[in-house]
Amino acid sequence: MTIEEIFNLEPGTGGLHNLLDLHTAFIDEQGRFSLKLKITEQLLNPKGTVHGGVLFSLCDSAVGTYIAFQKKWAVTIDSTIHFYRPALSGDVLTASINERKNGRTISTMLVEVYNGKAQHIADAIFNMYYTKGE
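Residues numbered from 1 in each chain as written. Predicted model: local features only at pLDDT ≥ 70, side-chain atom pairs only at ≥ 80, totals over all residues. Heavy atoms only, no water.

## A closer look at the packing of aromatic side chains
This model, assessed by the stated rule, comprises four aromatic pairs. Between Phe-33 and Phe-69, the ring centres sit 5.3 Å apart and the planes meet at 40 degrees, which makes this aromatic pair tilted. Taken as a pair, Phe-33 in strand β2 (residues 33-38) and Phe-69 in helix α3 (residues 52-69) lie far apart in primary sequence, 36 residues in all. With relative accessibility at 2%, the residue Phe-33 sits in the buried group. Ring centres of Phe-56 and Phe-126 lie 5.5 Å apart, and the angle between their planes is 35 degrees; this geometry places the pair in the tilted category. One end of the pair, Phe-56, is in helix α3; the other, Phe-126, is in strand β6 (residues 120-130), and 70 residues separate them in sequence. (Phe/Tyr/Trp six-rings, centres within 6.5 Å; stacked < 30°, edge-to-face > 60°. Helix = DSSP H or I, 4+ residues; strand = E, 2+ residues; numbered from the N terminus. Buried < 20%, exposed > 50% of the residue type's maximum accessible area, 1.4 Å probe, protein only.)

Shown next as structure tokens:
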């Protein structure tokens with residue numbers, strides 16, 4: 001499925017997902033909702049590793065798309081990210097959602113990011129507040 005389908009967007013509609021070339025969402029082997037991102041030269045910091053903001057954007061996009069996939073709408077209350085190792089140009093990163101608490105109005109999501117070699121790149125925690133509509 002695509003992010004455009006989940007959010008009911010016309011193909012090519014603006015958004016950060018287009019800038020990152022982030023379009024496909026899927027259910028992984030463990031049954032978790034996931035997004036993949038191929039790291040290009042444009043997504044690197046001056047040291048030659050992926051920019052931390054790109055990793056955070058991947059995690060944020062994964063959470064938002066997961067919630068929209070469930071036909072809900074939410075805003076972030078707070079979030080934290082922990083970086084464990086660098087990602088490099090050419091890496092394909094997978095961000096998978098682990099729902100830690102699914103409340104009526106507030107949920108907590110853990111996003112785990114791994115590269116194609118199954119190396120743990122980062123974790124992010126998002127506390128989300130469900131709103132009544134868009």
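## Examining the nonpolar core
Core analysis: the largest hydrophobic core is formed by 36 residues, its most contacted members being Met-109, Val-111 and Val-113. Contributing elements (two or more residues each) for this core: α1 (3-6), β2, α3, β3 (74-83), β4 (92-102), β5 (106-114) and β6. Here this core gets nine residues from one element, more than from any other, and that element is α3. Residues in contact with Met-109, not counting those within four places in the same chain, are Val-63, Tyr-66, Ile-67, Ile-97, Asn-98, Glu-99, Ala-124, Ile-125, Phe-126, Met-128 and Tyr-130. (Core = buried A, V, L, I, M, F, W, Y, C linked by side-chain atoms within 4.5 Å. Contact = heavy atoms within 4.5 Å.)

## Considerations on the sheet that holds β4
Two pairing modes exist for strands in a sheet, parallel and antiparallel, and in both the strands are linked by backbone hydrogen bonds. Judged by pairing direction, the sheet is antiparallel, and its six strands sit side by side in the order β1-β2-β4-β5-β6-β3 without closing on themselves. Single-partner strands in this sheet number two, and they are β1 (25-27) and β3. Neighbour-to-neighbour, the strand axes of this sheet turn through a mean angle of 25 degrees, independent of strand direction. Pairing analysis gives nine bridges linking β3 to β6, with the strands arranged antiparallel. Directly across from Phe-83, in β6, lies its bridge partner Ala-122. (Pairing = 2+ DSSP bridges. Axes fitted to C-alpha atoms, helices over the stretch in contact; angles between N-to-C directions.)

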